[in-house]
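In case you want the letters, here they are:
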Protein chains: 4
Amino acid sequence: MRVGVLTGGGDCPGLNAVIRAVVRKGVQEYDYDFIGFRDGWRGPLEGVTVPLSVPAVRGILPRGGTILGSSRTNPLKAEHGVRRIRDNLGRYEVDALVTIGGEDTLGVAATLSDEHGIPCVGVPKTIDNDLSATDYTFGFDTAVGIATEAIDRLHTTAESHMRVLVVEVMGRHAGWIALHSGLAGGANVILIPEQRFHTDRVCAWVTSRFRSSYAPIVVVAEGAVPAQGEMVLKDGSKDSFGHVRLSGVGEWLAKEIERRTGKEARATVLGHVQRGGTPSAFDRWLATRFGLHAIDAVHDGDFGKMVALNGTGIVRVPIAEAVARLKTVDPALYAEAGVFFG
Amino acid sequence: MRVGVLTGGGDCPGLNAVIRAVVRKGVQEYDYDFIGFRDGWRGPLEGVTVPLSVPAVRGILPRGGTILGSSRTNPLKAEHGVRRIRDNLGRYEVDALVTIGGEDTLGVAATLSDEHGIPCVGVPKTIDNDLSATDYTFGFDTAVGIATEAIDRLHTTAESHMRVLVVEVMGRHAGWIALHSGLAGGANVILIPEQRFHTDRVCAWVTSRFRSSYAPIVVVAEGAVPAQGEMVLKDGSKDSFGHVRLSGVGEWLAKEIERRTGKEARATVLGHVQRGGTPSAFDRWLATRFGLHAIDAVHDGDFGKMVALNGTGIVRVPIAEAVARLKTVDPALYAEAGVFFG
Amino acid sequence: MRVGVLTGGGDCPGLNAVIRAVVRKGVQEYDYDFIGFRDGWRGPLEGVTVPLSVPAVRGILPRGGTILGSSRTNPLKAEHGVRRIRDNLGRYEVDALVTIGGEDTLGVAATLSDEHGIPCVGVPKTIDNDLSATDYTFGFDTAVGIATEAIDRLHTTAESHMRVLVVEVMGRHAGWIALHSGLAGGANVILIPEQRFHTDRVCAWVTSRFRSSYAPIVVVAEGAVPAQGEMVLKDGSKDSFGHVRLSGVGEWLAKEIERRTGKEARATVLGHVQRGGTPSAFDRWLATRFGLHAIDAVHDGDFGKMVALNGTGIVRVPIAEAVARLKTVDPALYAEAGVFFG
Amino acid sequence: MRVGVLTGGGDCPGLNAVIRAVVRKGVQEYDYDFIGFRDGWRGPLEGVTVPLSVPAVRGILPRGGTILGSSRTNPLKAEHGVRRIRDNLGRYEVDALVTIGGEDTLGVAATLSDEHGIPCVGVPKTIDNDLSATDYTFGFDTAVGIATEAIDRLHTTAESHMRVLVVEVMGRHAGWIALHSGLAGGANVILIPEQRFHTDRVCAWVTSRFRSSYAPIVVVAEGAVPAQGEMVLKDGSKDSFGHVRLSGVGEWLAKEIERRTGKEARATVLGHVQRGGTPSAFDRWLATRFGLHAIDAVHDGDFGKMVALNGTGIVRVPIAEAVARLKTVDPALYAEAGVFFG
């Protein structure tokens, strides 16, 4: 039996840990052969492969990124995409696919499995932790750790200069990273995409913090938006070199706070450092266990399923269900954090 | 309403985060007063207190240890212990106690609450993660992270010198830290207290690792023991200064491996560094949420209960149930890790 | 004898370590009294003080920022600045000042000491390491460490997506942080303010890196500028909220690389995280030794002098000389790094 | 021209960074060929080689250990050692050797170069920083950083339990790691091999620290010894398995402190974690520059020389001089730290 493996979407610490666990257990326990497909769905679509064996996965557990490369290629939008995948799987004599990715990558896996009979098992991956049906996804803990360390560092600058520091963290549609790192870092305001924020209220919290002789840290998810009418984030105009101007919510908010409160404010946009580098111990553990259980699912012929974390155990759920809706921050959970605002 | 807070047992990263959350929410949402008791149950037993207020908990979130001090004092073994506690609570006009601790500290809280009507709410704390009824306890993730980083470092020494490195981690009765850090660190053998190990089998794994031109890392929990008859760890003899000789399992095992395989072997005992220092982001999040929910339980008059993590949510369980039995590593879970041995 | 202490300019890891060493040795060895002045030169100018004693400096060694606060107030530009400082020093019975700061703060100290007979001793502080007469300044090693860790993380993202990652680090006038972190992080291009860069050459390096199947990291100091005519960094225009648009060199360069090479490129601006948080061991050591030697200089009545690192020893140099010129990266040193470009 | 490279002695973070720099510059600037010798002097002695090229050194900059392996083989003590080395160099057509190592490895290089005309250039390596003629050696900063982080962590445990914590760090003959990490970590006592310590005085400092309501950290180099007559560290006796009992100075001291002061005391022996893992940014910088200058020395035909750090510059010194005497801690420097004791 030969199993193909691919990783799709944005890179995420822990991908290599999954690949290693899949291969180690597959070879040792089930005597499988493996083949790696390059760059997500581009691999099976275009027939681009890399050898995948026990020696190939040695030493990759602590390394970020993915040895298989990644892309956002959607084969369902490519001409004859399904047929080309089927042909390439046949050509390489691949009996099953382990697909590691987020909403998009797994959405394809669900369709291929459920509608076209191509045997896929899914492993959930999203640094934003916004995938339903699993308590956590790997990469998230690493990102929260990096963001929290940054917030720890920014506290000392804020205090020394009595300045507002706005930290923009990842999270386009869900505020999980902002909420966890904001709570862990002792932020004074946390803003998430799930609830439009009122800049005046943010300014009131900021001002109140200064009154107790401390300087505030505001953590804002990149996807957080102010209440209607307050701003146009991207005005679409271009600079003298023809580059479109982008002004992220972090920088916008820092300027607004400075304008409204009269206090100096600075923005820090953490960006890509949140998704790179060695995975945290938690993420290595989770990714490894996902890998072990994914290859078990292949062995059981349980296709169209995704492995998921449920409490401390790993379970299987239909991929289609898992990708059906985004997991966003519950209003009650967000309200819980409110006690620390201001 | 005045609430007393105490921390008992071994120190653990996240204790201060719990205290801060309890006080912040108690003051802000419920308008409570607080008083800190020093050194676990010694505080209410002997009437030793410290002021506890919002300013007192500022800046303690990222700090390890506990601002309240800790001890292993058991008031149930002290003369008139229960009466003295009741008297002191009366004297300081304390209406409820938030007790943060492990099996012993919480066992006392259960007895005081259930049998003597002294209103206690419990917050579980054990760096070893061996408390039932909660998915995880805070401190554990930090300890696993520190141990994993150490294992990462030891790999390079092992490879450079083609040497066996034995790492002894915490875990007297349960192998959680060994299992998690061993898996996350890519150890080649993991030994836990739950299953007696056969040194010959360990040596076989070690030898097999060398055959593929790599050097092995063996992670062993301090409470792991060899199969019967293999060793007497502590021989009770004394050195020339009257000190009893202690030889931990890590050092014993390194010597045995060297003796049996002929390969150089060294032991590293991580010790106290695993329990100190700033808590990981995960532990700060968990400890903070435990604190918020503990003070809610006080507000609800829900005494004799302990807060616990269940999946991603915080629930309440009877303290007495939680401390009734140790949570050890499931044999199936340990077997899962076996694919990486050797 | 009473000694005043102040910290001026941008905050920097190690300031608290200096303060602690000054006070600990001053009290213990010389039996001095201390007084802290708030917010750099604003303190003595406006007579704003804080108590400073052995208990006040306990536990501050590992903490970033400064317990005395900081500002960029220049008393020489204030009306009757010198007289007001002299009056306030008299009022608080201060016999000497330990002034910790960069070019500006120390420049004032030199003038006050040399021209007005106000007894000042200087301690050099600049995260950019661009102060003459000392091998290194504290804070620099911490900043380089943080930048290097970020570059380590970005490598994995660059490789996984075959993308160019541009990292903008601190360094307005000198490229020390870029050079050290670029070398330490294995960057493929390093750009510093001391030498205008040619974007076409940068693009050639980037392209060559891709040819060997790896993805490039470009480290650029915030003060690096392209060769004449290539760009106008800040166009002075405003967005719809009246905010002036700033486009840093990092983002500009990423866009240019993408435009010219056709490869995806992303910018990360590390910003304030480089200057906050706990100092590295090296910086704690250097800052502590600076503090010990600064109070020795006070004791020797050796005013107008600054402590400086020379090899492994601490020496004293005239402040006026030290601030006379900026320490920039030597072209030969920069050329040495060139072997790693491309 | 073909250059051989070898690494000898204990492993040390930064070895790979040296190798990479040597090869990168040698290939690119001087068009040299390279060959790696395995396991220090064992390689040229027994003719064991590995290929060494630009692809072979990719990605090794941040990795601890050495890709060439290491050993303590002394070819001068092997039969016909010099002749065998000369033969093997001839057989592999090696024109010069870059030898990276400590006192022993470099001592051999000096003899081979000076007395036998075998062209060697040296790169100093000792994690203990005890090599003369260079301000610092790479690996030392990493070790100090790891030890400092451990001390930071232990402070919180010491405070929470009002316990003495003794930390044993590396340093058999010189106290550099103890001195630097002790100062950086805010230790209350630092003990080094250069000065015999009086346990009673240590106990007095410990007691004084408790009087001001804090718990003490004692940092002790593994090679520190008490004043004559106080102890016999290793009694040479054996346990029931025939293992010789070793009781390090850290554990001995903790027991003695406990016995004499009545305060609980615990020892932590950091051990091998200090020498493994990724090098600090400073060490990567230093190691990289050593490598670049070592290959320059080869190119200049400047054999029998070692590269060394002098201030911020790299210089060349005769290897024979550098290894002639150990660099120990100056009594004046140690006295400087004394202000923080107690």
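Residues numbered from 1 in each chain as written. Chains lettered and ligands numbered in written order. Predicted model: local features only at pLDDT ≥ 70, side-chain atom pairs only at ≥ 80, totals over all residues. Heavy atoms only, no water.

- An unreviewed UniProt entry lists chain A under the name Pyrophosphate--fructose 6-phosphate 1-phosphotransferase, from Streptomyces laculatispora.
- According to the UniProt record, the Sequence similarities (unreviewed entry) comment for chain A is "Belongs to the phosphofructokinase type A (PFKA) family. Mixed-substrate PFK group III subfamily." (UniProt positions renumbered as here; feature names shortened; annotations may be inferred.)

1. So, helix H3 (residues 81-91) of chain B
Residues and elements named next belong to chain B.
- Buried residues of H3: Gly81, Val82, Ile85, Asn88 and Leu89, and no others. Looking straight down H3, one finds that the buried residues subtend no more than 130° of arc, so they occupy a single side. Residues of H3 that are exposed and point more than 90 degrees away from the buried face comprise Arg83 and Arg91.
- For H3, the elements touching its buried residues are strand E2 (33-37), helix H2 (42-46), strand E4 (96-101) and helix H4 (103-116).
- Immediately beyond the C-terminal end of H3, within one or two residues, lies glutamate 93, with a positive phi of roughly 55°. (Buried < 20%, exposed > 50% of the residue type's maximum accessible area, 1.4 Å probe, protein only. Helix = DSSP H or I, 4+ residues; strand = E, 2+ residues; numbered from the N terminus. Arc of directions from axis to C-beta. Contact = heavy atoms within 4.5 Å.)

2. Focus: the UniProt feature "site: Important for catalytic activity" (unreviewed entry) in chain A
Residue and element names in this part refer to chain A.
- With numbering matched to this structure, UniProt assigns "site: Important for catalytic activity" (unreviewed entry) to Lys125.
- Inspection of the secondary structure assignment puts lysine 125 in the loop between strand E5 (120-124) and helix H5 (140-161).
- Excluding its chain neighbours within four sequence positions, the residues that come into contact with lysine 125 are Gly8, Gly9, Gly10, Cys12, Leu15, Ile100, Gly101, Gly102, Thr137 and Phe138.
- A polar side-chain atom of lysine 125 sits 3.4 Å from the main-chain carbonyl oxygen of glycine 8. (Polar contact = N/O pair within 3.5 Å; in protein donor to acceptor, adjacent residues only side chain to side chain.)

3. Overview of the pattern of salt bridges
- This structure, assessed with the given rule, holds 80 salt bridges over all chains.
- Arginine 316 of chain C is paired through a salt bridge with aspartate 300 of chain C; the nearest N and O atoms lie 2.7 Å apart. With arginine 316 of chain C in strand E11 (residues 313-318) and aspartate 300 of chain C in the loop between helix H9 (281-299) and strand E10 (305-310), the pair connects residues that are 16 residues apart, well separated along the chain.
- We classify aspartate 300 of chain C as partly exposed; its relative accessible area is 49%.
- In this structure, a network of salt bridges that share partners links the residues Arg38, Asp39, Arg42 and Glu46 of chain A. (Salt bridge = Lys/Arg side-chain N within 4 Å of Asp/Glu carboxyl O.)

4. Structural notes on the arrangement of the chains
- Where chain B comes nearest to chain C, the C-alpha atoms are still 11 Å apart, and the two do not contact one another.
- Across the gap from chain A to chain D, with no contact made, the nearest C-alpha atoms are 11 Å apart.

5. Let's talk about the relation of the copies chain A and chain B
- Between chain A and chain B, the superposition needs a rotation of 180° and an axial shift of 0.0 Å, giving an RMSD of 0.0 Å. Such values leave the two copies arranged in the relation of a two-fold axis. Rotation axis and chain A: the residue whose C-alpha lies nearest the axis is glycine 311 of chain A, separated from it by 1.9 Å.
- The fraction of interface residues of chain A whose copies in chain B are also interface residues reaches 97%, indicating that both copies meet through the same surface. (Least-squares fit on C-alpha atoms with pLDDT ≥ 70 in both.)

6. Details of the packing of helix H9 (residues 281-299) of chain A against helix H5 (residues 140-161) of chain B
- It is at 8 Å that the axes of H9 of chain A and H5 of chain B come closest, and there the two elements cross at 85°. Between H9 of chain A and H5 of chain B, the interaxial angle falls into the category roughly perpendicular. In this structure, H9 of chain A uses Ala281, Phe282 and Arg284 of chain A to contact H5 of chain B, whose residues at the interface are Asp141, Val144, Gly145, Thr148 and Asp152 of chain B.
- Across the contact of H9 of chain A with H5 of chain B, the residue classes tally to three nonpolar, two polar and three charged. (Axes fitted to C-alpha atoms, helices over the stretch in contact; angles between N-to-C directions. Parallel < 35°, antiparallel > 145°, perpendicular 65-115°, else oblique. Nonpolar A, V, L, I, M, F, W, Y, C, P; charged D, E, K, R; others polar.)

7. What to know about the UniProt feature "binding site: diphosphate" (unreviewed entry) in chain A
- Under the UniProt annotation, the feature "binding site: diphosphate" (unreviewed entry) is placed at Gly10 of chain A.
- Secondary-structure assignment places glycine 10 of chain A in the loop between strand E1 (2-7) and helix H1 (15-30).
- Leaving out residues up to four positions away in the same chain, glycine 10 of chain A has contacts with Arg72, Lys125 and Arg275 of chain A together with His161 of chain C.

8. Structural notes on the sheet that holds strand E9 (residues 265-269) of chain B
Residue and element names in this part refer to chain B.
- Read from one edge of the open sheet, four strands run E7-E8-E6-E9, paired in parallel fashion. At either margin of the open sheet sits one strand with a lone partner, and together these are strand E7 (189-191) and E9. Strand-to-strand twist in this sheet, taken as the mean axis angle between neighbours without regard to direction, amounts to 15°.
- Inspection of the sheet shows strand E6 (residues 164-169) paired to strand E8 (residues 217-221) by five bridges, in the parallel sense. Paired with leucine 165 across the two strands is isoleucine 217, which belongs to E8.
- Along the sheet, H5 makes contact with E6, E8 and E9, crossing E6 at roughly 165°. (Pairing = 2+ DSSP bridges.)

9. Some remarks on the interface of chain A and chain B
- Tallying the contact residues gives 39 residues for chain A and 38 residues for chain B.
- When chain A packs against chain B, close to 3,500 Å² is buried across both sides, 61% of that on carbon and sulfur atoms.
- Ranking the residues of chain A by area buried against chain B places Trp285, Val339 and Phe340 of chain A at the top, with a combined share of 20%.
- On the surface where chain A and chain B come into contact, there are four salt bridges.
- Residue aspartate 152 of chain A pairs with arginine 284 of chain B through a salt bridge whose shortest N-O separation is 2.8 Å.
- Our enumeration of links across chain A and chain B arrives at ten residue pairs in polar contact (both at pLDDT 80 or more). (Buried area = accessible area lost by both parts, 1.4 Å probe.)

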